[in-house]
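Report on the structure
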Amino acid sequence: MGLIKECKEFAMRGNVIDMAVGVVIGGAFGKIVSSFVADVIMPVISILTGGIDFTAWKIVLKQAITDGGNVVSPEVAINYGTFIQVILDFIIIVFVIFFFVKGVNKLKRKEEAAPAAPAEPSEEVLLLREIRDSLKK
């Protein structure tokens, strides 16, 4: 029972939950960036390069063998065009994360630079001030 309790305490710590949320959000963000690269950037690059579809770039190592309409042995190929697209995904993700972290750090520096408002004196201090002022009179 002690091992289960210890495992439960570990899983419920704040850092583990935060990391899990970050992984889920990161996965969703990765899909958004992949779609952005595949559906927005790559068509533009394809037009600029004369209509070339990067995902179709491949080196066929072994042709597919078909018997009528049935595929007996699938094609074996090195899909380096898809690899280029994944590299573009990665570069875009790196830039977005860089600018996000840079913005967060800038906000933190502003918070650190702004002087904190002085705390109000405690009741004891106020009472001591009253006593001091009354003794002066």
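Attention in this report is confined to the structure presented alongside it. Here the structure is a predicted model, which is why all the values come from computation and not from measurement.

**Considerations on the overall build of the chain**
Within the chain, the secondary structure is distributed over 4 helices and 4 strands. Counting helices and strands in the order they occur from the N terminus, the chain gives α-α-β-β-β-β-α-α. For a compact globule of 137 residues, the expected C-alpha radius of gyration is about 14 Å, and the chain comes in at 31 Å, more than 25% above that figure. A principal-axis box enclosing the C-alpha atoms of the chain has dimensions of 110 × 55 × 20 Å. Evaluated residue by residue, the chain yields a buried proportion of 8% over its 137 residues. Surface summary for the chain: the accessible area is close to 11700 Å², and the carbon and sulfur share equals 68%. When the 15 basic and 15 acidic side-chain charges of the chain are each reduced to a single mean position, those positions are 6 Å apart.

**Concerning the nonpolar core**
Generally speaking, a soluble globular protein has its nonpolar side chains buried in company with each other. By size, the foremost hydrophobic cluster in this structure holds 5 residues: Val33, Val37, Met42, Phe54 and Ile92. When neighbours within four sequence positions are excluded, Phe54 is seen to be in contact with Met42, Ile45, Gly81, Thr82 and Ile84.

**Re the layout of surface pockets**
Computed from the structure, the largest pocket encloses a volume of approximately 170 Å³. As for the largest pocket, its lining consists of Gly22, Ile25, Gly26, Phe29, Val96, Ile97 and Phe100. Elements with a contribution of two residues or more to the lining of the largest pocket: α2 (14-48) and α3 (80-113). For the lining of the largest pocket, the leading source of residues is α2, giving 4 residues.

**Observations regarding the pattern of salt bridges**
Under the criterion given, the structure shown has 2 salt bridges. For Glu75, the salt bridge goes to Lys58, with nearest N and O atoms at 2.9 Å. Taken together, the residues span a long stretch of sequence, with Glu75 in the loop between β3 (70-73) and β4 (76-78) and Lys58 in the loop between α2 and β1 (59-62) at a distance of 17 residues.

**Some points on the packing of aromatic side chains**
Counted by the stated rule, this structure contains 3 aromatic pairs. Residues Phe95 and Phe99 carry aromatic rings whose centres are separated by 6.5 Å and whose planes lie at 20° to one another, so their mutual orientation is stacked. Highlighted residues: Phe95 and Phe99, both in helix α3, separated by 4 residues, approximately one helical turn. The exposure class of Phe99 is exposed, given its relative accessible area of 52%. Every member of this aromatic cluster is reached through a ring pair, and the members are Phe95, Phe98 and Phe99.

**Quick notes on the side chain of Ser73**
With respect to the helices and strands, the residue Ser73 is situated in strand β3. Given the relative accessible area of 14%, Ser73 is considered buried. Within polar-contact distance, the side chain of Ser73 engages the side chain of Lys62 at 3.2 Å. Beyond its immediate sequence surroundings of up to four residues, Ser73 is in contact with Lys62, Ala64 and Ile65.

**Brief notes about a positive patch on the surface**
A surface patch of positive charge is lined by Lys102, Lys106, Arg109 and Lys110. Here Lys106 lies in helix α3.

Cut-offs used in this document
Residues numbered from 1 in each chain as written. Predicted model: local features only at pLDDT ≥ 70, side-chain atom pairs only at ≥ 80, totals over all residues. Heavy atoms only, no water. Helix = DSSP H or I, 4+ residues; strand = E, 2+ residues; numbered from the N terminus. Rg over C-alpha atoms; globule rule 2.2 N^0.38 Å. Buried < 20%, exposed > 50% of the residue type's maximum accessible area, 1.4 Å probe, protein only. Areas by Shrake-Rupley, 256 points an atom, 1.4 Å probe, with all protein chains shown as cover. Lys, Arg positive; Asp, Glu negative; His and termini not counted. Charge placed at Lys NZ, Arg CZ, Asp CG, Glu CD. Core = buried A, V, L, I, M, F, W, Y, C linked by side-chain atoms within 4.5 Å. Contact = heavy atoms within 4.5 Å. 1 Å grid on protein atoms, 1.4 Å probe; cavity = no way out; pocket = protein on both sides within 12 Å on 5 of 7 lines; lining within 4 Å. Points joined across faces, edges and corners; volume = space filled by probe spheres on them. Salt bridge = Lys/Arg side-chain N within 4 Å of Asp/Glu carboxyl O. Phe/Tyr/Trp six-rings, centres within 6.5 Å; stacked < 30°, edge-to-face > 60°. Polar contact = N/O pair within 3.5 Å; in protein donor to acceptor, adjacent residues only side chain to side chain. Patch = residues over 30% accessible without salt bridge, like charges linked within 9 Å, V, L, I, M, F, W, Y side chains within 5 Å.

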